[in-house]
Each structure stands twice: as C-alpha cells, then as structure tokens.
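# A closer look at the structure
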Amino acid sequence: MADTALTAPPRSPLAQAAGRLAAATRASGGAVRLAELPFLAQVNVRLDAKGPAADAVALTLGLQLPLEPDTVVRAGELTALWLGPDEWLLVGPPGTQHDLEGRIREAAGEEPVSVTDVSAQRTTLLVAGPRARDLLAHGCALDLHPRVFGPGRCAQTALGRTQVVLVARDEARAGFWVLVRSSFAGYLTDWLLDAATEYV
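Rules used in this analysis
- Residue indices follow the written sequence of each chain, beginning from 1 at its first position.
- Residue-level local features of this predicted model are given only where pLDDT is at least 70; pairs of side-chain atoms are given and counted only at 80 or more, and the full residue set underlies all totals for whole chains, interfaces and linings.
- By convention in this description, side-chain values take in all heavy atoms of the structure and omit both hydrogens and water.
- To define axes, lines are fitted to C-alpha atoms, for helices over the stretch in contact only, and angles between the resulting N-to-C directions are given on a 0 to 180 degree scale.
- A run of H or I in DSSP becomes a helix once it reaches four residues, and a run of E becomes a strand once it reaches two; helices and strands are each numbered from the N terminus.
- Note on terminology: angles under 35 degrees are roughly parallel, angles over 145 are roughly antiparallel, angles of 65 to 115 are roughly perpendicular, and the others are oblique.
- In a left-handed crossing the near helix is turned counterclockwise from the far helix by less than a right angle, and in a right-handed crossing that turn is clockwise.
- We call two residues in contact whenever any of their non-hydrogen atoms come within 4.5 Å of each other.
- For this classification, the nonpolar set comprises Ala, Val, Leu, Ile, Met, Phe, Trp, Tyr, Cys and Pro, the charged set comprises Asp, Glu, Lys and Arg, and every other residue, Gly included, is treated as polar.
- Should DSSP find at least two bridges between two strands, the strands are regarded as paired.
- Here the term buried applies to any residue with accessible area under 20% of the maximum for its type, exposed to any over 50%, and partly exposed to those in between, with areas from a 1.4 Å probe on protein chains only.
- By definition, the arc is the one covered by directions from the helix axis to the C-beta atoms.

This paragraph deals with the packing of helix 2 (residues 52–61) against helix 3 (residues 97–108). At a minimum axis separation of 8 Å, helix 2 and helix 3 run at an interaxial angle of 135°. It follows from the interaxial angle that helix 2 and helix 3 lie oblique. Handedness of the crossing formed by helix 2 with helix 3: right-handed. Between helix 2, through A53, A56, V57, T60 and L61, and helix 3, the contact on the second element is made entirely by L100, R103, I104, A107 and A108. The residue makeup of the contact of helix 2 with helix 3, split by class, is eight nonpolar, one polar and one charged.

Next up on the list: the sheet that holds strand 7 (residues 122–128). Pairing is antiparallel in the open sheet, where five strands are placed in the order 1-7-10-9-8. Pairing within the sheet leaves two strands with one partner each, and these edge strands are strand 1 (33–37) and strand 8 (154–159). Put simply, the sheet's adjacent strands are angled 30° from each other on average, direction ignored. On the sheet, helix 1 (residues 18–27) packs against strand 1 and strand 7 and is oriented at approximately 155° with respect to strand 1.

As a further point, take helix 1. Among the residues making up helix 1, those that are buried are L21, A24 and T25. Here the buried residues of helix 1 occupy an arc of 100° about the axis, which is enough to place them on one side. Where the residues of helix 1 are buried, they touch strand 1, strand 7 and helix 5 (182–196). Once helix 1 finishes, G29 follows within two positions and takes phi at roughly 65°, a positive value.

Mapped onto the elements, T124 comes out in strand 7. Relative accessible area serves as the criterion here: at 0%, T124 is assigned to the buried category. For T124, the residues in contact, after removing those within four places along its chain, are A35, E36, L37, L40, Q42, W177, V178 and L179.

Below, the structure is given as structure tokens:
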C-alpha cells in the first residue's frame with residue numbers, strides 16, 4: 001500500500017504576500033511595519049478557572065492563566081490570551097502545540113478540560129511601528145488609545161470587516177498581533193496594505 005502521509009513542508013496562507021508586506025514596510029519609512037508570523041502554535045483551552053485544573057495547568061506551564069477579561073499574560077515564549085471566563089488561547093513558538101496539549105492534559109488529570117490545537121486555523125500578522133495604532137484604527141471600532149488598549153490587552157473584534165483576535169504586545173515598540181483565520185488572511189492583508197498607503 002502506498003504511503004499517503006503528507007511530506008510537503010507546511011505552506012503559510014500568506015507566503016506569497018511576504019514581499020508586498022516588506023515593500024510596504026520600506027515604503028512607509030518605518031512608520032508601519034507589516035509581516036506575517038507564520039505557524040505559531042495556538043492551543044485553545046477551556047476549564048474551570050476556579051477549579052484545581054487551573055492551578056495545575058498554571059504550574060506546569062509556568063504561567064498563570066489571565067482571569068481579567070481581555071488581558072494577556074506572558075512567560076518566556078508562551079502567551080495566554082483571555083477569550084472568556086473559562087476559555088484561553090495559548091500562543092507559543094512554531095511546532096510546540098503537541099507538547100502544550102500533552103502537558104495541559106497531563107496536568108489536568110481527571111479534571112474536566114478541553115484542549116484543542118487550532119494552529120492551522122489561523123495565521124498571525126504583525127502590525128508595528130509608530131503609526132500602527134492609526135493604521136488599525138482605520139478599520140477597528142475599538143478605542144485603541146494606549147490608556148485603553150495598551151500593552152497586555154487583547155480583544156476579539158472586527159478589523160476591516162474580518163473577525164480577528166487583536167493583541168497589544170507587552171512591549172511598547174512590539175506592536176500588535178492580529179490573529180486571523182487562514183481563509184480571511186489574504187483579504188485582511190490586502191486591506192492592511194491598502195490602508196498603509198497613507199503612510200507612504
């Protein structure tokens with residue numbers, strides 16, 4: 001029987017847009033920086049925030065799951081995003097999703113927990129630079145002023161009519177992550193590139 005395993009390397013949904021993103025970054029003179037961060041591990045976790053599984057998972061990950069709505073906690077290369085009272089998204093380096101899944105399940109033991117690898121569902125766009133907030137504000141209804149949506153904040157919102165998870169990175173110059181479904185990534189990239197022409 002023939003081996004039907006996939007042998008081709010993974011391909012990012014925005015592989016063909018890398019040159020255009022880099023060109024827009026150069027054309028803006030550093031006002032905005034646009035890039036894809038492909039293949040980040042993304043694991044959705046649901047559990048009782050007040051139950052023993054939450055403490056066990058936090059201990060094994062070395063990271064406390066955020067309990068305040070729309071906040072982010074980061075430890076090393078792992079970032080936890082609050083999505084709901086009992087739901088988080090863990091984002092880590094490419095290729096670490098299976099390890100994260102296994103560690104969470106083992107830590108939770110017999111406690112009820114849902115752990116789902118959603119890494120292939122989304123890709124991540126980086127939007128940074130001094131005009132990053134202005135660029136995002138063109139298509140986002142959130143108040144993105146640093147006093148309201150500063151480092152360590154996240155939100156499920158619409159950007160350019162596309163549902164995204166928007167993350168204000170925890171360093172002022174680190175900019176924003178825009179987590180977007182792979183099927184909408186091309187459209188959103190075109191929207192960002194069009195909006196970025198204002199800074200050329």
